[in-house]
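Now for the letters of each chain:
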Amino acid sequence: MKNIETEKDSRNGAQFGWLASYPKSGNTWMRMMLRSLRNNGAPVDINESDQQSTILSRSDFEEFFGAESSDLTQNEIDAVRPALHRAMARASKESLILRKVHDRCWFTASGEPVFPPEVSRGAVYIVRDPRDVAVSAAHHFHIDVEESVRQMGNSNRIIARSSKRLETQLSQPLGSWSEHVVSWLDHAVMPVLLVRYEDMLVDSTKELARVVEFLGLSRKFNREACAIAAAQSDFTKLRQQEEEGGFKEKPPAATTLFFRQGRSGEGKKILPPSLTQKIVLDHSEAMARLGYL
Amino acid sequence: MTEAILPRDYYFFGRRLHSPFALASLPLWPETESEVPPEIVLRFGDTPEALPHSVWSSPFIQIGADKSALVSIAAVARFWIPPASENSSSRVEIVIQPTPGAEPYEIETFLVGTVAGIVLHRLGMLPLHASCVEFEGRAIAIAGSAATGKSTLAAALVRRGARLLSDDLCVFHTSNGCIQTVTGTVQARLWPDVMDHLDIPLEMRLPTRPGHGKHAVSLPAGEARFWPFHFLLGIEVGFSSPEPMLEPQQGLAAFVYLKAMVYQPQIGHVFGDYAREFRALAAFAQQVSRFSLKRSRYLRDLDQCVDLILQLIQRKA
């Protein structure tokens with residue numbers, strides 16, 4: 001996504017607005033709304049080349065550091081992630097850089113925050129009922145729901161890290177679903193705005209307006225602009241586009257549409273009781289905190 | 001370093017490179033051209049920990065105002081390219097200070113990748129981020145961003161009769177009005193999923209770093225010389241269509257794409273000048289046919305991609 005010009009910031013240099021979430025929690029939907037907003041309420045093209053708001057890639061790494069990333073070990077790459085974000089902020093001509101992240105909010109081995117506060121305006125943390133995440137992720141990654149629930153409870157979960165193949169994206173430590181939530185809500189060294197997917201379903205304009213206000217964009221984009229952008233990014237429209245022309249961000253293993261249901265409560269209905277119990281057992285504290293219990 | 005190995009002279013993108021240790025990635029310098037002096041000389045020695053007045057830097061690379069360069073990979077080595085002397089600006093020295101315990105193959109990994117890009121820029125050779133193969137005497141460059149499958153596609157084409165000219169880096173120059181490329185490396189760097197897909201035997205898979213997934217594989221390679229271009233393919237991945245597609249790339253779009261495919265462009269701009277780069281890319285865009293290969297990010301369509309390319313070669317023959 002092209003960066004959005006904002007009101008002049010009192011701090012020097014560009015800053016990131018992180019769009020953070022556990023996978024399959026509504027991040028792409030929020031990105032599409034912000035994309036329409038940037039385009040002054042134009043219809044969203046889900047396959048528009050959108051390098052800047054997508055997850056950090058090896059190309060980003062090589063562009064800013066000049067070194068062949070695939071020759072480096074994971075530890076060597078992890079150690080310089082904060083430096084990469086600082087370099088990207090220094091090089092940006094805009095005041096705000098929106099960037100999607102699925103990482104938990106993590107720190108390098110030397111204790112440095114991977115998302116440096118000095119180049120972070122804040123994080124929009126999008127969260128969704130883990131029972132629905134489990135069902136959606138099962139479709140997305142073409143795994144059964146048992147495996148999906150197991151992965152959500154895995155503290156060591158990392159995506160885009162493999163010794164068997166070269167991943168396009170830089171690896172992203174997730175941890176368990178609960179750990180992901182806690183990392184952003186309690187340990188991020190920057191302001192964090194919590195956005196619930198369920199609230200986006202109820203009133204997407206209102207939630208987009210909250211994000212706009214949080215990111216310091218409200219002078220440029222008023223409530224009416226948010227309403228138009230939200231309408232242009234309506235889930236049924238996104239789904240229709242995918243049905244007609246595909247979606248390049250969909251993984252090859254997925255057997256269903258990326259924009260599949262866009263509903264809440266599916267997990268409660270279709271998950272077997274044993275898996276519902278496991279999710280509640282694994283994540284009860286975070287679920288209660290977020291109003292999911 | 002575990003042992004000293006006999007010094008050799010190698011063919012490095014048309015230049016003679018002298019090394020104090022064996023380099024499996026590069027073809028040997030032709031005996032018929034033994035009178036040509038080495039232009040790139042590798043030696044072991046002490047290097048600075050940092051450059052005092054860098055004009056560009058990252059956690060791994062520093063470029064000095066005097067066009068010196070320092071590549072620092074803490075677990076492997078520091079590679080120092082001192083400033084050029086006034087009377088031999090076309091000669092490049094690379095001083096290597098290995099980290100204790102580092103293996104020669106690890107040093108070679110960075111020599112033929114990150115360090116090679118800097119050297120090529122310093123020599124004014126404008127490297128593209130592309131792998132290159134030769135088919136029936138003409139070169140096909142496969143360009144793309146990181147992790148788009150350049151090496152994979154090159155290796156797959158070699159399996160179908162092509163020969164490798166270079167991996168990940170490709171240079172071009174004009175000779176008598178004709179754009180040519182030149183042999184660079186005789187190994188492709190591949191990951192296990194690709195090596196398995198291409199049935200590459202385990203004994204051919206040489207490590208690049210201890211415990212690392214990426215391996216070096218020696219492939220049938222074209223002889224060390226210059227080659228006329230057939231065409232350039234630009235890989236675009238993440239395509240939403242289930243079938244790969246080849247499309248001609250023309251006009252300004254072709255130029256913009258080529259510009260984006262310059263390897264380490266930020267370093268090139270420190271060393272070189274924009275006008276020369278512009279002229280070189282414009283000449284390339286004008287004279288070499290270009291196609292976009294739109295494909296998925298995955299191996300499932302690799303054989304279809306190779307079929308498309310071979311059909312294109314047949315059509316253009």
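This one's a predicted model, so the numbers in the text were calculated from it and none came from an experiment. The residue count restarts for each chain, going from 1 along the sequence in the order it is written. Written order decides the labels, with chains lettered from A and ligands numbered from 1. Given that the model is predicted, a residue must reach a pLDDT of at least 70 before its local features are reported, and side-chain atom pairs must reach 80 or more before they are shown or counted; all residues, however, enter totals for whole chains, interfaces and linings. Derived side-chain values reflect all non-hydrogen atoms in the structure, with water molecules and hydrogen atoms excluded from consideration.

Caption draft 1: Highlighting the overall build of chain B. Numbering of helices and strands runs from the N terminus; a helix is a DSSP stretch of H or I covering at least four residues, while a strand is a stretch of E covering at least two. A count of helical and extended segments in chain B gives 7 helices and 19 strands. Over its C-alpha atoms chain B spans a radius of gyration of 19 Å, differing by no more than 12% from the 20 Å that the globule rule assigns to 317 residues. For chain B, the spread of C-alpha atoms along the three principal axes comes to 55 × 45 × 40 Å. Sorting the 317 residues of chain B into buried and exposed places 55% on the buried side. In what follows, a contact means two residues having at least one pair of non-hydrogen atoms within 4.5 Å. In chain B, once contacts between residues fewer than 6 apart in sequence are set aside, the share between residues at least 24 apart is 66%. The globule rule used here is 2.2 Å times the number of residues to the 0.38 power, and the radius of gyration it is set against is calculated over C-alpha atoms. Only protein chains enter the accessibility calculation, which uses a 1.4 Å probe. A residue is then buried if its area is under 20% of the maximum for its type, exposed if over 50%, and partly exposed in between.

Caption draft 2: Summary view of the packing of helix α2 (residues 58-65) of chain A against helix α4 (residues 81-91) of chain A. Residues and elements named next belong to chain A. Simply put, an axis is a line fit to the C-alpha atoms, just over the touching stretch for a helix, and the angle between two N-to-C directions goes from 0 to 180 degrees. In contact at an axis separation of 10 Å, α2 and α4 are set at 70 degrees when each is read in the N-to-C sense. Between α2 and α4, the crossing angle belongs to the class labelled roughly perpendicular. Between α2 and α4 lies a crossing whose hand is left-handed. Together, Asp60, Phe61, Phe64 and Phe65 of α2 and Ala83, Leu84, Ala87, Met88 and Ala91 of α4 make up the contact between the two elements. Across the contact of α2 with α4, the residue classes tally to 8 nonpolar, no polar and 1 charged. Throughout, the term roughly parallel applies to angles under 35 degrees, roughly antiparallel to angles over 145, roughly perpendicular to angles from 65 to 115, and oblique to all others. In this scheme the crossing of two helices becomes right-handed for a clockwise turn of the near helix relative to the far one and left-handed for an anticlockwise turn of less than a right angle. We call Asp, Glu, Lys and Arg charged. Ala, Val, Leu, Ile, Met, Phe, Trp, Tyr, Cys and Pro are nonpolar, and the rest, Gly among them, are polar.

Caption draft 3: Highlighting the interface of chain A and chain B. Taken together, the 32 residues of chain A in the interface contact 31 residues of chain B. In this description, buried area is defined as the sum, over both parts, of the accessible area (probe of 1.4 Å) that is lost when the two are combined. Of the roughly 2,500 Å² buried at the junction of chain A and chain B (both faces included), carbon and sulfur atoms supply 54%. Think of a salt bridge as a Lys or Arg side-chain nitrogen and an Asp or Glu carboxyl oxygen that are within 4 Å of each other. Across the contact surface, chain A and chain B share 2 salt bridges. Across the salt bridge formed by A:Asp71 and B:Lys214, the nearest N and O atoms sit 2.8 Å from each other. Definition of a polar contact: a pair of N or O atoms within 3.5 Å, with one able to donate and the other able to accept a hydrogen when the atoms are protein atoms, and with sequence-neighbouring residues admitted only if both atoms are side-chain atoms. The tally of links from chain A across to chain B stands at 12 residue pairs in polar contact (both at pLDDT 80 or more). A per-element tally of the side of chain A that touches chain B places α2(A) first, with 7 residues. By residue class, the composition of the side of chain A that touches chain B is 10 nonpolar, 10 polar and 12 charged.

Caption draft 4: Here's a closer look at the sheet that holds strand β14 (residues 187-190) of chain B. All names here are of chain B. Here, any two strands with at least 2 DSSP bridges between them count as paired. Read from one edge of the open sheet, 3 strands run β14-β16-β15, paired in antiparallel fashion. This sheet does not close on itself; its edge strands, each paired only once, are β14 and β15 (206-207). The pairing of β14 with strand β16 (residues 215-218) spans 4 bridges and is antiparallel. Following the sheet pairing, Ala188 is matched in β16 by Val217.

Caption draft 5: The sheet that holds strand β1 (residues 15-21) of chain A, seen in detail. Residues and elements named next belong to chain A. The parallel open sheet is built from 4 strands, whose spatial order is β2-β1-β3-β6. Among the strands making up the open sheet, the edge pair consists of β2 (96-101) and β6 (192-196). Mean inter-strand twist for the sheet, computed between neighbouring axes without regard to direction, equals 20 degrees. As paired strands, β1 and strand β3 (residues 120-127) are joined by 6 bridges and run parallel to one another. In the strand pairing of β3, Ser21 is matched with Ile126.

Caption draft 6: Structural view of the environment of A:Ala91. Residues and elements named next belong to chain A. The residue Ala91 is located in helix α4 in this model. Overall, the relative accessible area of 47% leaves Ala91 in the partly exposed class. Sequence separation of Ala91 and Leu293 is 202 residues, and the distance between their C-alpha atoms is 44 Å.

Caption draft 7: Molecular detail of the state of the cysteines. Residues and elements named next belong to chain B. Note on terminology: pairs of cysteine sulfur atoms within 2.5 Å are recorded as disulfides. Summed over all chains, the structure comprises 0 disulfides over all chains. As a non-bridged cysteine, Cys170 has Cys132 as the owner of its nearest cysteine sulfur, 4.0 Å distant. Residue Cys170 is classed as buried on the basis of its relative accessible area of 0%. Left unpaired, Cys305 is separated from the closest cysteine sulfur, that of Cys132, by 18 Å.

Caption draft 8: Summary view of the nonpolar core. By nonpolar core we mean a set of buried residues, namely Ala, Val, Leu, Ile, Met, Phe, Trp, Tyr and Cys, connected to one another through side-chain atoms within 4.5 Å. With 89 residues, the main nonpolar core has A:Trp177, A:Trp184, B:Phe79, B:Ile94 and B:Leu111 as its most contacted residues. Top contributing element to this core by residue count: helix α1 (residues 104-122) of chain B, with 9 residues. For B:Phe79, the residues in contact, after removing those within four places along its chain, are B:Ala69, B:Leu70, B:Val71, B:Ile94, B:Val95, B:Ile96, B:Ile107, B:Phe110, B:Leu111 and B:Val115. Counting 32 residues, the second largest nonpolar core, distinct from the first, contains B:Ala162, B:Phe231, B:Cys305 and B:Ile309.

Caption draft 9: Representation of the side chain of B:Gln180. Residue and element names in this part refer to chain B. Mapped onto the secondary structure, Gln180 falls in strand β13 (residues 178-182). You can call Gln180 buried: its relative accessible area is 17%. With residues near it in sequence (within four places) discarded, Gln180 still touches Val171, Phe172, His173, Ser175, Phe226, Trp227, Pro228 and Phe229.

Caption draft 10: Structural detail: the confidence of the model for chain B. All names here are of chain B. On average, chain B scores 92 in pLDDT, and the residues at 70 or more come to 95%. pLDDT expresses, on a scale from 0 to 100, how confident the predictor is about each individual residue. Note on residues 1-5: pLDDT is under 50 here. Beyond four places in sequence and across chains, it has 11 contacts. If you check the scores for this complex, the pTM reads 0.91 and the ipTM reads 0.94.

Caption draft 11: Summary view of the packing of aromatic side chains. Note on aromatic pairs: the rings of Phe, Tyr and Trp (six-membered ring only in Trp) are paired at centre separations within 6.5 Å, and the planes decide the class, stacked below 30 degrees, edge-to-face beyond 60, tilted for the rest. Within this structure, the stated rule accounts for 16 aromatic pairs over all chains. With centroids separated by 5.2 Å and ring planes inclined at 40 degrees, the aromatic side chains of A:Phe115 and A:Trp184 adopt a geometry described as tilted. You can see A:Phe115 sitting in the loop between β2 and β3 and its partner A:Trp184 sitting in helix α7 (residues 177-187), a full 69 residues away along the chain. Among the residues examined, A:Phe115 registers a relative accessible area of 1% and is labelled buried. Each ring, one from B:Phe229 and one from B:Phe284, has its centre 5.1 Å from the other, and the planes form 80 degrees; the classification is edge-to-face. Here the residue B:Phe229 occupies a position in strand β17 (residues 226-236), and B:Phe284 occupies one in helix α6 (residues 274-287), the gap between them amounting to 55 residues.

Caption draft 12: Structural view of the side chain of B:Thr185. All names here are of chain B. By secondary structure assignment, the location of Thr185 is in the loop between β13 and β14. On the basis of relative accessible area, Thr185 is assigned to the buried category, the value being 5%. At 2.8 Å, the side chain of Thr185 forms a polar contact with the backbone nitrogen of Asp167. Beyond its immediate stretch of four places on either side in the chain, Thr185 contacts Ser25, Leu26, Val112, Leu164, Leu165, Ser166 and Asp167.

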